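Residue-level listing of the chains:
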Amino acid sequence: MKMDEISMSSLDNSKLEGVAQDILSDLVEDACLGLCFEVHRAVKQGYFFLEDTDQETMRDFEIVDQPGVDVFGQVYNQWKNKECVCPNCSRSIAASRFAPHLEKCLGMGRNSSRIANRRIVTGNNTNNKSESDQEDNDDVNDNDWSYGAEKKAKKRKSDKNPNSPRRSKSFKHKSGMMGPRRRMDNQESPRMLMKDEAFPQ
Amino acid sequence: MSKDSQMRAAINQKLIEMGERDRLKELLRAKLVECGWKDQLKAHCKDVIREKGLEHITVEDLVAEITPKGRALVPDSVKKELLQRIKTFLAQHSTL
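The structure presented is a predicted model; accordingly, all values stated were derived computationally and were not measured. (Residues numbered from 1 in each chain as written. Chains lettered and ligands numbered in written order. Predicted model: local features only at pLDDT ≥ 70, side-chain atom pairs only at ≥ 80, totals over all residues. Heavy atoms only, no water.)

1. A closer look at the overall build of chain B
Move 1: Scanning chain B from terminus to terminus reveals 5 helices and 0 strands.
Move 2: Starting at the N terminus and walking to the C terminus, you meet the elements of chain B as α-α-α-α-α.
Move 3: Per-residue burial for chain B yields a buried fraction of 35% across its 96 residues.
Move 4: A fraction of 72% describes how many contacts in chain B between residues 6 or more apart in sequence connect residues 24 or more apart.
Move 5: A total accessible area of about 5600 Å² is found for chain B, and carbon and sulfur atoms account for 51% of it. (Helix = DSSP H or I, 4+ residues; strand = E, 2+ residues; numbered from the N terminus. Buried < 20%, exposed > 50% of the residue type's maximum accessible area, 1.4 Å probe, protein only. Contact = heavy atoms within 4.5 Å. Areas by Shrake-Rupley, 256 points an atom, 1.4 Å probe, with all protein chains shown as cover.)

2. Thoughts on the interface of chain B and chain A
Move 1: Taken together, the contact pairs 44 residues of chain B with 41 residues of chain A.
Move 2: The junction of chain B with chain A conceals about 3900 Å² of combined surface from both sides, 72% of it contributed by carbon and sulfur atoms.
Move 3: On the chain B side of the interface with chain A, the three residues burying the most area are Met7, Lys46 and Arg71 of chain B, jointly 13% of the side's total.
Move 4: Counting the contacts that link chain B with chain A gives 10 salt bridges.
Move 5: The salt bridge partner of Arg8 of chain B is Asp22 of chain A, with a shortest N-O separation of 2.3 Å.
Move 6: Where chain B touches chain A, the interface holds 11 residue pairs in polar contact (both at pLDDT 80 or more).
Move 7: Listed by contribution, the elements that provide at least two residues to the side of chain B that touches chain A are α1 (3–17), α2 (20–34), α3 (37–52), α4 (59–73) and α5 (76–92) of chain B. (Buried area = accessible area lost by both parts, 1.4 Å probe. Salt bridge = Lys/Arg side-chain N within 4 Å of Asp/Glu carboxyl O. Polar contact = N/O pair within 3.5 Å; in protein donor to acceptor, adjacent residues only side chain to side chain.)

3. A few points about the side chain of Lys31 of chain B
All names here are of chain B.
Move 1: Within the secondary structure, Lys31 sits in helix α2.
Move 2: What makes Lys31 buried here is its relative accessible area of 19%.
Move 3: In this structure, Lys31 is in contact with Val78 and Glu81, ignoring residues within four places of it in sequence.

4. Considering unusual backbone geometry
Move 1: In this structure, Ser90 of chain A is a non-glycine residue whose phi angle is positive, near 60°.
Move 2: Judged by relative accessible area, Ser90 of chain A falls into the exposed class, the value being 58%.

5. A closer look at the nonpolar core
Most often, soluble globular proteins keep nonpolar side chains buried together rather than apart.
Move 1: Counting 37 residues, the largest nonpolar core has Val39 of chain A together with Leu28, Leu62, Leu82, Ile86 and Leu90 of chain B as its most contacted members.
Move 2: Those elements that provide at least two residues to this core are α1 (13–45) of chain A together with α1, α2, α3, α4 and α5 of chain B. (Core = buried A, V, L, I, M, F, W, Y, C linked by side-chain atoms within 4.5 Å.)

6. Section: the UniProt feature "zinc finger region: SGF11-type" (unreviewed entry) in chain A
Move 1: In this numbering, the UniProt entry assigns the feature "zinc finger region: SGF11-type" (unreviewed entry) to residues 84–105 of chain A.
Move 2: For residues 84–105 of chain A, the end-to-end C-alpha separation is 14 Å, with 50% helix and 23% strand making up the annotated structure. (UniProt positions renumbered as here; feature names shortened; annotations may be inferred.)

7. Digging into the packing of aromatic side chains
Move 1: Under the criterion given, the structure shown has 1 aromatic pair over all chains.
Move 2: Summarising the aromatic geometry, the rings of Phe48 of chain A and Phe49 of chain A are spaced 5.0 Å apart at their centres and angled 70° between planes, so their arrangement reads as edge-to-face.
Move 3: With a relative accessible area of 5%, Phe48 of chain A lands in the buried category.
Move 4: Its relative accessible area of 24% is what places Phe49 of chain A among the partly exposed residues.
Move 5: Between Lys46 of chain B and the ring centre of Phe48 of chain A, over which it is positioned, the NZ or CZ distance is 6.0 Å. (Phe/Tyr/Trp six-rings, centres within 6.5 Å; stacked < 30°, edge-to-face > 60°. Lys NZ or Arg CZ within 6 Å of the ring centre and 35° of its normal.)

8. Description of the environment of Lys87 of chain B
Move 1: With respect to the helices, strands and loops of the structure, Lys87 of chain B is situated in helix α5.
Move 2: Setting aside anything within four residues of it in sequence, one finds Lys87 of chain B in contact with Glu17 and Ala20 of chain A.
Move 3: Among the polar contacts listed, one links the side chain of Lys87 of chain B to the side chain of Glu17 of chain A, at a separation of 2.6 Å.

9. Focus on α4 of chain B
Move 1: Taking 1.5 Å per residue, 15 residues should reach 21 Å; α4 of chain B reaches 20 Å between its end C-alpha atoms and fits that length.
Move 2: Within α4 of chain B, the full set of buried residues consists of Leu62, Ile66, Thr67 and Gly70 of chain B.
Move 3: Along its buried surface, α4 of chain B packs onto α1 of chain A together with α3 of chain B. (Expected span 1.5 Å × (residues − 1).)

10. Some words on a nonpolar patch on the surface
Residues and elements named next belong to chain A.
Move 1: Where nonpolar side chains cluster on the molecular surface, the patch consists of Ile63, Val71 and Phe72 and spans about 370 Å² of accessible area.
Move 2: Along the chain, Ile63 falls in the loop between α2 (55–60) and β1 (83–85).
Move 3: You can call Ile63 exposed: its relative accessible area is 69%. (Patch = residues over 30% accessible without salt bridge, like charges linked within 9 Å, V, L, I, M, F, W, Y side chains within 5 Å.)

11. Quick word on the packing of α2 of chain B against α5 of chain B
How two helices sit against one another is set out by the angle between their axes and by the gap between those axes.
All names here are of chain B.
Move 1: One can describe the packing of α2 onto α5 by two numbers: an axis separation of 10 Å at closest approach and a directional angle of 165°. Classified by the angle between their axes, α2 and α5 sit roughly antiparallel to one another. At the point where α2 passes α5, the crossing takes the right-handed sense. Residue-level contacts link Glu20, Arg23, Leu24, Leu27, Leu28, Lys31 and Leu32 of α2 to Val78, Glu81, Leu82, Arg85, Ile86 and Phe89 of α5.
Move 2: Taken together, the residues of the contact of α2 with α5 sort by class into 8 nonpolar, no polar and 5 charged. (Axes fitted to C-alpha atoms, helices over the stretch in contact; angles between N-to-C directions. Parallel < 35°, antiparallel > 145°, perpendicular 65-115°, else oblique. Left-handed = near helix turned anticlockwise from the far one by under 90°. Nonpolar A, V, L, I, M, F, W, Y, C, P; charged D, E, K, R; others polar.)

Structure below.
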């Protein structure tokens, strides 16, 4: 007899009741097991008796509500004002600016080769023997372009620097690591995407 | 496999396939929490754990102690409601 020929209407009520009871029984058992696993995990993870802690200890873990301190009572901005000495250029840099500075200083970050190449271009404009010598390493790493094409392309690239989000921060120019101030004239709005330069003609 | 167990298997399969079993499970869990069954049983768990020792309690211990009590503590109203839903489902999907 095929499965799909079994019709429930042929069953009498008691059988129906029996089946329903069995299903209920399974469901209740599932619920009980679920609770057992939950409790067992709580026991093994150590949080089962958490609400039974005594008042004294509870007070130790109350939420802290003081200024300058987080809810656990830890000071959260203590590193803001610290200064570090850069091992490369021996300058004293603020802690929160240290990582980006190091990127530029060591020539290892995502944008550092871009900046360096830009500086070649501007170096070429003002003075022939630019820093192209020391930038040679970066050029070798740049797989997309050949060195010759790079010079031409980089000229245009100097105008579309706004793509890099860092361009917008004015205080970076103050540090003197970035290109000269005149770059500010080229950019009206730092975040503006120059559409016509995205597709070089 | 007898015709009976064939039929039961077919019913169970349909229950699962249509997602009804999961819905029933959720419904049961919600009702049991609502009526305080879970808290009662949890208190019983605490006793069992204190008795056997926190470090040495196993899942088997808990299952052995909790399941019979859990079954017994389910209120009749909850049972009735669940049974009603199950029977409705069976009636609606009588031809399998």
